[in-house]
Amino acid sequence: ATIDGQVHAVHVARCRRAEEEHRRRDLVRFRDPSGRNRGDGLALDVLHVDAAAALFTGNAVLNYGRRESQGLSIQAIRRALESLAAANRIESNRITRLVYRTLDESTGEVELSCSTMTARSTMVVPTNWIVRVRRTGGTGSPSWKIDRLTFESLFGKAPPQNLW
C-alpha cells in the first residue's frame, strides 16, 4: 500500500508539472494584455476571441448537457467566447477534475470540472466540460483543434442554451 501511494504521488506531481508547463508554453498567448497577474496561475483569459476561436475547427459544435445532444455551430461557440470576454469575464478558475483519454490516433478527449468566478457571478460556479480534439492538417504540419465542446453541467444540472 505504501509503494502504491508513493507511485500515485509521483504520478500526480508529474501531471501537475506537465499541466503547468502547458499553461506557460501553450496558453500564454491568451493572457491579459495588461500584464496583471490574477494570482490563480491560469493564463487563459479568452480576451482575444479570434485567437480562442482559432482553437476550434471550422465545423466545431457546442453541445449542452450531453455529447449526444444536438450540436450548435461555431457561431454559438463564438458567442460564448465573446460573453467570456465581456460580461462573463473569467476572474479566477480552478480545475478540480481532469481526465483525458486517446480515442484513436487522431482523436483525444478531455473531461474536466472547474470552479470558476466570473465578473458577473457572486460565488464560485461549478461546471463540467468534455472537450474533443482532432488532429488536423496533413503529415507535414499536423495540429490539434477542438471539434466538439460539451458544456455538461452548471451547478450540477444541464446548462440552458441561452446562457450566453
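Note that the structure is predicted; figures quoted are calculated from it, not measured.

As a further point, take the pairing of strand E3 (residues 107-118). Most of E3 is tucked away, with nine of its 12 residues classed as buried. In this structure, strand E2 (residues 90-104) lies alongside E3, joined through 12 bridges in antiparallel fashion. Across the sheet, arginine 94 pairs through a bridge with serine 115, a residue of E3. Counting the residues between successive antiparallel strands, the hairpin from E3 to strand E4 (residues 125-136) contains six residues.

With mixed pairing, five strands are arranged side by side in an open sheet as E1-E5-E4-E3-E2. Taken across any chain shown, the strands that pair with only one partner, and hence form the sheet edges, are strand E1 (56-64) and E2. Neighbour-to-neighbour, the strand axes of the sheet open up by a mean angle of 20 degrees, direction not taken into account. One ladder, built from 10 bridges, connects E4 with strand E5 (residues 143-154); its direction is antiparallel. From the neighbouring strand, arginine 135 faces E5, where its bridge partner is tryptophan 144.

It is worth spelling out the packing of aromatic side chains at this point. A full pass over the atoms with the stated rule returns two aromatic pairs. Centre to centre, the rings of tyrosine 64 and phenylalanine 151 are 6.1 Å apart; their planes meet at 40 degrees, and the pair counts as tilted. With tyrosine 64 in strand E1 and phenylalanine 151 in strand E5, this residue pair connects regions lying 87 residues apart in the sequence. Of the two residues, tyrosine 64 and phenylalanine 151, neither departs from the other in class, the shared state being buried.

All right, on to the side chain of asparagine 93 then. Along the polypeptide, asparagine 93 turns up in strand E2. Within the structure, asparagine 93 has its side chain in polar contact with the side chain of threonine 116 (distance 2.4 Å).

Our next topic: the confidence of the model for the protein. Within the protein, residue pLDDT values average 76, and 73% of them lie at 70 or more. Looking at the elements of the protein, mean pLDDT is at its lowest for helix H1 (residues 2-26), recorded as 66, and at its highest for E4, recorded as 92. The low-confidence segment residues 26-47 (pLDDT under 50) makes 40 contacts with residues lying over four places distant or belonging to another chain.

This next bit is on the environment of arginine 67. Assignment of secondary structure puts arginine 67 in the loop between E1 and helix H3 (74-85). Classification of arginine 67 by relative accessible area gives partly exposed; the value is 30%. It is 8.1 Å that separates the C-alpha atoms of arginine 67 and leucine 149, two residues lying 82 residues apart in sequence. Among residues more than four places away in sequence, those in contact with arginine 67 are Glu109, Glu111, Ile130, Arg148 and Thr150.

As a further point, take unusual backbone geometry. With a phi close to 55 degrees, phenylalanine 155 is a non-glycine residue in the positive phi region. Position of phenylalanine 155 among the secondary structure elements: in the segment after E5.

What counts, and where the lines are drawn
Residues numbered from 1 in each chain as written. Predicted model: local features only at pLDDT ≥ 70, side-chain atom pairs only at ≥ 80, totals over all residues. Heavy atoms only, no water. Buried < 20%, exposed > 50% of the residue type's maximum accessible area, 1.4 Å probe, protein only. Helix = DSSP H or I, 4+ residues; strand = E, 2+ residues; numbered from the N terminus. Pairing = 2+ DSSP bridges. Axes fitted to C-alpha atoms, helices over the stretch in contact; angles between N-to-C directions. Phe/Tyr/Trp six-rings, centres within 6.5 Å; stacked < 30°, edge-to-face > 60°. Polar contact = N/O pair within 3.5 Å; in protein donor to acceptor, adjacent residues only side chain to side chain. pLDDT = per-residue confidence, 0-100. Contact = heavy atoms within 4.5 Å.

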